[in-house]
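Spelled out, the chains give:
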Protein chains: 2
Amino acid sequence: MKSDALFALLRRRGYLWPSAEIYGGAQGLYDYGPLGAALKRRIEEAWAAWFLGLSEDYYLIEPSELLPEAVVRASGHLENFTDPEILCGQCASVFRADTVLEKVRPDGVDGLSPAEIAGLLAEAHPKCPKCGSDRLSVPKPFNMMFGVAFGAQGGERAYLRPETAQSSYLAFDRMCEVGRKALPLGVAVIGRAFRNEIAPRQLLFRMRSFTQAELQIFFDPAGFPVPFETVRSVEIPVLRADRRSEGRSDPARITAGALVGEGGLPEFFVFHLVQLYRFLTSELGLPAASVRFLEKSEKERAFYNRLQFDVEVRLDSLGGYREVGAVHYRGDYDLRRHAEGSGKDLSLATEAGQRVVPHVLEVTLGIDRTLWALADCGLTVAGERTIWKLPSFLAPVEVGIFPLRTKDHGPKAREVYEALRVEGIRAEYDSAGTIGKRYARMDEAGTPFCVTVDGPSIVPGTSETGTFTLRERDSMAQVRLALAPLLERLRAADRLPRPPPVHPNRPAT
Amino acid sequence: MKSDALFALLRRRGYLWPSAEIYGGAQGLYDYGPLGAALKRRIEEAWAAWFLGLSEDYYLIEPSELLPEAVVRASGHLENFTDPEILCGQCASVFRADTVLEKVRPDGVDGLSPAEIAGLLAEAHPKCPKCGSDRLSVPKPFNMMFGVAFGAQGGERAYLRPETAQSSYLAFDRMCEVGRKALPLGVAVIGRAFRNEIAPRQLLFRMRSFTQAELQIFFDPAGFPVPFETVRSVEIPVLRADRRSEGRSDPARITAGALVGEGGLPEFFVFHLVQLYRFLTSELGLPAASVRFLEKSEKERAFYNRLQFDVEVRLDSLGGYREVGAVHYRGDYDLRRHAEGSGKDLSLATEAGQRVVPHVLEVTLGIDRTLWALADCGLTVAGERTIWKLPSFLAPVEVGIFPLRTKDHGPKAREVYEALRVEGIRAEYDSAGTIGKRYARMDEAGTPFCVTVDGPSIVPGTSETGTFTLRERDSMAQVRLALAPLLERLRAADRLPRPPPVHPNRPAT
């Protein structure tokens, strides 16, 4: 489906729509409706179950979205969190440099200095993408943080966090106090980040308010033990930087072992690439053939990142691979900067008795982008059916409950509905229209199961009394079940994914 | 417990701490740590289960926190969302008028006009609360919204929403399209709101970023049917405005029926007071004797509110009753203003064939304040035990799993732990210190159950093989259970509260 058609479907079904829609919308802001909010929350819960399941020393916190100025000064965002902005002297439109240079440099301008971008402009003399004039300005840095006056006194500033990561770094010291004071220690945040994008576009892919799920793992650079043998033979699709520099754009499937052996990557890094890959493919159900890791070259990646692998999904709606998350080895940059900025010693005593500033491994996922990728890859038109192949544990509605005829079967269907709701099953009662139409509505919303209450369910004294027809979305298989086995079936399908227990961090207890 | 002691305990256990703590904190901002984030999320889930359980036509959405300027202009916030601010000419401190006038007017200055406040100041001649000078300025209005420059072009403004309610009003039109186009229709938001408080204080009670759970119910003013008979005889503690004007401050216990009959309140309004009361007391476990509804007089309430009842909880830590939520009958103000502001017709065809602008009933709860109230009322010191009497479904950890001796009983305890986690039970494994210390840690964190794996659990061939000691926090009763009944027991205790099914809105289906 093309992007417009997909968005139209999601809007019609109440998954999402532009914020302040009755006012004509607000660029780069979207509201999630009932189904979208439910799906989004399930993705977040699945993420938490999976990544916090990697260790008992990984924790989820919920920090404030506002950061005092001292924090973003120390982190470097006040100075460096900029995009090159170009102004048209004719129509006064503002563009990102990569938009203006799209034709001469389709891969974007990440990693280029302002001087290099100015050079490209001088060479290519692009026209204004909007009015066609040649009166484009030289690029100047535009800070993408939203700043606010903080407090009544005036003068004090705070910023909406441009990434959730900073909140985890700020929490490191307190989390050490609260916990075992031992490494590795993981601090995760699922929450909003805010960026004043020069040109929001591609729907959920460049928003001004968006949700990230980020795990920051603090570890002793002398060693980050992981159970690497459990993943050594797993193949993941990787496009290394050297391969890219040769002009290749197809990923190669390489085993985790080879990425460490011939590839020269650290075990802890590859271990987490595999976990992210498994989460997206085996668990969320994104097609393995559409997912790839892209290594950023030294020039492209943020200067503090020692390694940066983006994870991308190939999307029909957006015409190619799009980044949904990443794994970053950030070194000691973050804690060192905040130790300097705050004057607080953020080093920790290691088992060897030395003090060390922990290094950080960051595993990050864009929740909105993942939701869009699930819609793009999952919504399929098969004949007259439009089906969203969502895994059960993600489905906003896990089961639709239908009385065949409202008058005769409504009361019993209501009973089934209430019995399932009490058990925490996400059930929806629907008696409107033909059974076919009700199936179609559920198919489109991603509901994996439908239960129909019909004559045999309520006629007493037969082998089918008190049984109901369960229909499975993908296979369309139907089976008659009584309430108890029905509940068990739904419960089993609804379990959040968890990685095999690894407990890499703790001594055996 | 006093406020400082309670905060110290919550900070030590990692429930919450000041944001950007290593930088000395940020006034009015707090971060939730692992236990706090988990408890907060459980409160939110319980709220959603309860209030969305009132009708199948009540929905939860997740809108953006940023509102374009046109929205807050139409809603009146740009003009009116102000607090009177007083500046000291000596020390340059800034105060809220109610702080400066605390001694002469302990009930605050809600509802007074700037001129009236200026009159009080001229009469009382208060000193600066900080430096004692008498050089206090006349009060001037200070807008409490955080505004940001929106977009790169300059000139465009957006605001962090000062309440979640506006997002629901904006969504009304789309929600009608998506749904049945019938009233009543409920649109709920659980999320952050932001206020640049002149003087943040009382910890979670006046924050600059805080979480609200708000249900906006749109209804036909000609009738909002509720199953009032189900609540008619329920008594709730109410302090009416007329009683307050007589100088009384103790609530009277009045039945729902009497509040409608002699009290003259609409059934739909009282019905929702009862639901809020039940949620806070029977479900969350706040002591009934500490909760009261306070009616705001015409002068005190916002001018568009036809009725406003705050719900308050008496807190030792803050020295008296504090507001945690409210029920507001807002009339047609909100939709009328947004219809005017956006030019979009927000009226709906009623069954009688007329077009009507729906009225709004708002049920709102402060999640941070509720969390604090649960800590204040629930944390009790009994001899050497500090116990947090949290209901099971709210507890961040539902069950602690202890091996009696790690070496002998650790592997079996791990098995039990993993088996429960797979089933979605919030279990924590703890093998550190004596059993007594482990119980104490769990008691303080609000964990309702502990399971100990000991000799009989693993010695084969006895009646106790494969059974474990379950200890209940409040009764301290112990019982031996095998894994399957243990799981059932934990599951039953963990169910989120739901109101009895009412379905007031729909024709019988």
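Values in this document were obtained by computation on a predicted structure and should not be read as measured data.

### Here's the deal with the overall build of chain A
Phase 1 of the analysis: Within chain A, the secondary structure is distributed over 16 helices and 26 strands.
Phase 2 of the analysis: In terms of overall size, chain A behaves like a compact globule, its C-alpha atoms giving a radius of gyration of 26 Å where 509 residues would be expected to give roughly 23 Å.
Phase 3 of the analysis: Expressed as lengths along the three principal axes of its C-alpha atoms, the size of chain A is roughly 80 × 65 × 55 Å.
Phase 4 of the analysis: Among the 509 residues that make up chain A, the fraction classed as buried is 60%.

### Focus on the side chain of D443 of chain A
All names here are of chain A.
Phase 1 of the analysis: Topologically, D443 is positioned in helix 14 (residues 435-445).
Phase 2 of the analysis: By relative accessible area, D443 is classed as buried at 3%.
Phase 3 of the analysis: Reaching out from D443, the side chain makes a polar contact with the side chain of R385 at a distance of 3.1 Å.

### What to know about the interface of chain B and chain A
Phase 1 of the analysis: With 84 residues of chain B at the interface, the matching set in chain A holds 84 residues.
Phase 2 of the analysis: Both faces considered, chain B and chain A share a buried interface measuring about 7,200 Å² in area, 55% of it formed by carbon and sulfur atoms.
Phase 3 of the analysis: Ranking the residues of chain B by area buried against chain A places I22, Y23 and E62 of chain B at the top, with a combined share of 12%.
Phase 4 of the analysis: Counting across the chain B and chain A interface gives 16 salt bridges.
Phase 5 of the analysis: Between E65 of chain A and R192 of chain B there is a salt bridge, with the nearest N and O atoms lying 3.5 Å from each other.

### A few points about the pairing of strand 12 (residues 235-239) of chain B
Residues and elements named next belong to chain B.
Phase 1 of the analysis: Within strand 12, four of the five residues are buried, which leaves it mostly tucked inside the rest of the structure.
Phase 2 of the analysis: Looking at chain direction, strand 12 and strand 14 (residues 291-295) are connected through two bridges and run parallel. Among the inter-strand pairings, L239 is bridged to a residue of strand 14, identified as L294.

### Structural notes on the packing of helix 2 (residues 34-51) of chain B against helix 10 (residues 267-283) of chain B
All names here are of chain B.
Phase 1 of the analysis: Two elements in contact, helix 2 and helix 10, have axes separated by 11 Å at closest approach and are oriented at 135 degrees. For the element pair helix 2 / helix 10, the angle class is oblique. Crossing geometry of helix 2 relative to helix 10 is assigned as right-handed. In this structure, helix 2 contributes A46, W47, W50 and F51 to the contact, and helix 10 contributes Q275, L276, R278, F279 and E283.
Phase 2 of the analysis: In terms of residue class, the contact of helix 2 with helix 10 is built from six nonpolar, one polar and two charged.

### Notes on the pattern of salt bridges
Phase 1 of the analysis: According to the stated counting rule, one finds 94 salt bridges over all chains in the structure shown.
Phase 2 of the analysis: In this structure, the salt-bridge partner of D332 of chain A is R336 of chain A, at a minimum N-O distance of 3.2 Å.
Phase 3 of the analysis: The buried category is assigned to D332 of chain A, whose relative accessible area is 18%.
Phase 4 of the analysis: In this structure R336 of chain A comes out as partly exposed when scored by relative accessible area, which is 35%.
Phase 5 of the analysis: The partner of R426 of chain B in a salt bridge is D494 of chain B, with the nearest N and O atoms 3.1 Å apart. With R426 of chain B in the loop between helix 13 (406-422) and strand 23 (427-429) and D494 of chain B in the segment after helix 16 (483-493), this pair connects stretches of sequence that are 68 residues apart.

### Some points on the sheet that holds strand 8 (residues 147-149) of chain A
Residues and elements named next belong to chain A.
Phase 1 of the analysis: What the three strands build is an open sheet, ordered 4-9-8; its pairing is antiparallel. Looking at strand neighbours, the two that pair on one side only are strand 4 (66-68) and strand 8, the edges of this open sheet. Strand-to-strand twist across the sheet, computed as the mean angle between neighbouring axes with direction ignored, equals 35 degrees.
Phase 2 of the analysis: The sheet contact formed by strand 8 and strand 9 (residues 157-160) spans three bridges and is antiparallel.

### Focus: the relation of the copies chain B and chain A
Phase 1 of the analysis: Least-squares fitting of chain B to chain A yields an RMSD of 0.1 Å, with the superposition described by an axial translation of 0.0 Å and a rotation of 180 degrees. Interpreted geometrically, this transformation is the action of a two-fold axis. The position closest to the rotation axis in chain B is occupied by the C-alpha of V148 of chain B, lying 2.9 Å away.
Phase 2 of the analysis: Looking at chain B, 100% of its interface residues are interface residues in chain A too, so the copies touch through the same face.

### Section: the environment of K40 of chain A
Phase 1 of the analysis: Mapped onto the secondary structure, K40 of chain A falls in helix 2 (residues 34-51).
Phase 2 of the analysis: For the pair K40 of chain A and L371 of chain A, spaced 331 residues apart in the sequence, the C-alpha separation amounts to 6.7 Å.
Phase 3 of the analysis: Within the structure, K40 of chain A has its side chain in polar contact with the side chain of E44 of chain A (distance 2.8 Å).
Phase 4 of the analysis: Here E62 of chain B takes part through its side chain, which lies 2.6 Å from a polar atom of the side chain of K40 of chain A.

### Some details on the domain arrangement of chain A
Phase 1 of the analysis: Domain annotation of chain A identifies domain 1 (3-63 + 164-379), domain 2 (85-95 + 100-110 + 115-137) and domain 3 (399-493).
Phase 2 of the analysis: The C-alpha centroid of domain 3 of chain A is placed 58 Å from the C-alpha centroid of domain 2 of chain A.

### Considerations on the sheet that holds strand 7 (residues 140-143) of chain A
Residues and elements named next belong to chain A.
Phase 1 of the analysis: Read across the open sheet, the three strands follow the order 6-5-7; overall the sheet is antiparallel. For this open sheet the edge positions go to strand 6 (94-96) and strand 7, each flanked by a neighbour on one side alone. Taking each pair of neighbouring strands and ignoring which way they run, the sheet shows an average axis angle of 50 degrees.
Phase 2 of the analysis: Looking at chain direction, strand 5 (residues 82-87) and strand 6 are connected through three bridges and run antiparallel. Paired with L87 across the bridge in strand 6 is V94.

Reading the values: rules and limits
- Residues numbered from 1 in each chain as written.
- Chains lettered and ligands numbered in written order.
- Predicted model: local features only at pLDDT ≥ 70, side-chain atom pairs only at ≥ 80, totals over all residues.
- Heavy atoms only, no water.
- Helix = DSSP H or I, 4+ residues; strand = E, 2+ residues; numbered from the N terminus.
- Rg over C-alpha atoms; globule rule 2.2 N^0.38 Å.
- Buried < 20%, exposed > 50% of the residue type's maximum accessible area, 1.4 Å probe, protein only.
- Polar contact = N/O pair within 3.5 Å; in protein donor to acceptor, adjacent residues only side chain to side chain.
- Contact = heavy atoms within 4.5 Å.
- Buried area = accessible area lost by both parts, 1.4 Å probe.
- Salt bridge = Lys/Arg side-chain N within 4 Å of Asp/Glu carboxyl O.
- Pairing = 2+ DSSP bridges.
- Axes fitted to C-alpha atoms, helices over the stretch in contact; angles between N-to-C directions.
- Parallel < 35°, antiparallel > 145°, perpendicular 65-115°, else oblique.
- Left-handed = near helix turned anticlockwise from the far one by under 90°.
- Nonpolar A, V, L, I, M, F, W, Y, C, P; charged D, E, K, R; others polar.
- Least-squares fit on C-alpha atoms with pLDDT ≥ 70 in both.
- Domains from an automatic or database assignment.

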